[in-house]
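Chain by chain, the residues:
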Amino acid sequence: MDKKMKILLSGGGTGGHIFPAIAIADEIRKRFPEAEFLFIGANGKMEMEKVPQAGYTIEGIDIAGIDRGNLLSNLGLPFKILKSLSKSKKLIKNFAPDFAVGTGGFASGPALYEASKMGIPIFIQEQNAYAGVTNKVLSKKAKAVFTAYPKVEGFPKEKIKFLGNPIRENIVSGMQDTAQAKEKMGLNKDQLTILSVGGSLGSRTLNNAWKDNLENLKEKGYQLIWQTGKLDYKELSSSLQLPASVHLKEFIKDMELAYSAADIIVSRAGAIAISELAVAQKPVLLVPFPFASEDHQTKNAMNLVEKKAARMVKDSEMQEKFWNTLSEICENEMIRKEMSDNLKYFAKPNAAKEIVDEIFKVIK
């Protein structure tokens, strides 16, 4: 392969689309340090900040999705699409990539569509159990579609390669003994420990559930690492009388340490979160975010529930079912062992490496 290989990547809008693209680029760069990379993102979206921070060049296009809340604001959308197609075409022509990888989000539509029209091999990486609209359309032209679940509706079956989502290297290599991790975090190593994670902004649903069950936690003697996110941290830290066994954190920097310290994890069901949880292999209770597009978090969670790798409680059923479902997991060691064992099916610690292997099999 030519050392001056050129790779186009596009995906964004959320970390779930951006970080897999960066992980794939990192893996290619490891093998081909001289390779050149160009990302195409959506102006004003987080990829315009995160991609340069990772050391890559990015160009922005003016593209957005359909605003279902304000239909009038969509009047300019056809113009935006035409403009973004035109700019993508120009960027791709000038850069002349050997192949292109799309990880979903608004920007990847115009970028990969134009690349495929020019005869450039394109590859799709879909993080969720339900195919996004952009990736569904692009999959028809793709050489391969890399998924985190064995069956994803909307893709040609013969193109699906179940290789997982690329996740942070420190999660893969940093897992350690549970008792040691508890001690490092200043926790009691003999207490059953629950980790609750709601993403960087946090989950009000999870925060309210813990507020309602502080007495139950105290009574049972469970230890809780409670990541609140930045939206609720101030209010919760100042208004609650917390037992010593509850450790409130706005943000957890060393997630691998927190995963290691946990006996049970409570989490939303975002694609990357689930991929990390599968590698951590700790029993998990999933509470899908109900307003994710196409309700994809529920579909992600159901894939694990069907394999007995997780339990799930819907947002709307938290008050009736949360504590009882969690208690059943906490009190039954057999259930916990079954979940941990079954999570191995979804654990793909080498996803980035295997995706890049597959790409090079096709384009060699």
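On a predicted model such as this, the values are computed, not experimentally measured, just so you know.

## Examining the pairing of strand β4 (residues 99-102)
Stage number 1. Both faces of β4 are covered, namely the face carrying Phe 99 and Val 101 and the face carrying Ala 100 and Gly 102.
Stage number 2. Sheet analysis places strand β1 (residues 6-10) next to β4, joined by four bridges and oriented parallel. Counted as the bridge partner of Leu 9 is Val 101 from β4.
Stage number 3. Relative to strand β5 (residues 122-126), β4 runs parallel, the two sharing three bridges. By the bridge assignment for β5, Val 101 is matched with Phe 123.

## Some thoughts on the sheet that holds strand β12 (residues 284-286)
Stage number 1. Pairing in this open sheet of six strands is parallel, and the strands run β10-β9-β8-β11-β12-β13 from one edge to the other. Two strands bound the open sheet, and with one partner strand each, they are β10 (246-249) and β13 (311-312).
Stage number 2. As paired elements, strand β8 (residues 193-197) and strand β9 (residues 223-227) share four bridges and run parallel to each other. Bridge pairing links Ile 194 to Leu 224 in β9.

## Describing the packing of aromatic side chains
Stage number 1. A full pass over the atoms with the stated rule returns 12 aromatic pairs.
Stage number 2. Between Phe 99 and Phe 123 the ring centres are 6.1 Å apart and the planes differ by 90°, which places this aromatic pair in the edge-to-face class. Here Phe 99 is found in strand β4, whereas its partner Phe 123 is found in strand β5, with 24 residues between them in sequence.
Stage number 3. For Phe 99, a relative accessible area of 0% corresponds to the buried category.
Stage number 4. Classification of Phe 123 by relative accessible area gives buried; the value is 0%.
Stage number 5. Look at Phe 289 and Phe 291: their rings are 5.7 Å apart centre to centre, the planes differ by 75°, and that puts the pair in the edge-to-face class.
Stage number 6. You can call Phe 289 partly exposed: its relative accessible area is 35%.

## Examining the pairing of β9
Stage number 1. The buried count for β9 comes to five of five residues, which makes it a mostly enclosed element.
Stage number 2. Of the two faces of β9, both are covered, the one formed by Gln 223, Ile 225 and Gln 227 as well as the one formed by Leu 224 and Trp 226.
Stage number 3. By the bridge criterion, four bridges tie β9 to β10 in an arrangement that is parallel. For Trp 226, the partnering residue across the bridge sits in β10 and is Leu 248.
Stage number 4. Handedness of the crossover joining β9 and β10 through helix α10 (residues 233-239) is recorded here as right-handed.

## Looking at the sheet that holds β4
Stage number 1. Taking strand neighbours across the sheet as the criterion, the seven strands line up as β3-β2-β1-β4-β5-β6-β7 in an open arrangement whose pairing is parallel. The strands lining the two open edges of the sheet, one partner per strand, are β3 (58-61) and β7 (160-162). Adjacent strand axes in the sheet meet at a mean angle of 20° when their direction is disregarded.
Stage number 2. In this sheet, strand β2 (residues 36-42) lies alongside β1 in parallel orientation, the contact comprising five bridges. The residue bridging Leu 8 from the neighbouring strand is Leu 38, located in β2.

Parameters at a glance
Residues numbered from 1 in each chain as written. Predicted model: local features only at pLDDT ≥ 70, side-chain atom pairs only at ≥ 80, totals over all residues. Heavy atoms only, no water. Buried < 20%, exposed > 50% of the residue type's maximum accessible area, 1.4 Å probe, protein only. Helix = DSSP H or I, 4+ residues; strand = E, 2+ residues; numbered from the N terminus. Pairing = 2+ DSSP bridges. Phe/Tyr/Trp six-rings, centres within 6.5 Å; stacked < 30°, edge-to-face > 60°. Right-handed = clockwise from strand over helix to strand, strands pointing away. Axes fitted to C-alpha atoms, helices over the stretch in contact; angles between N-to-C directions.

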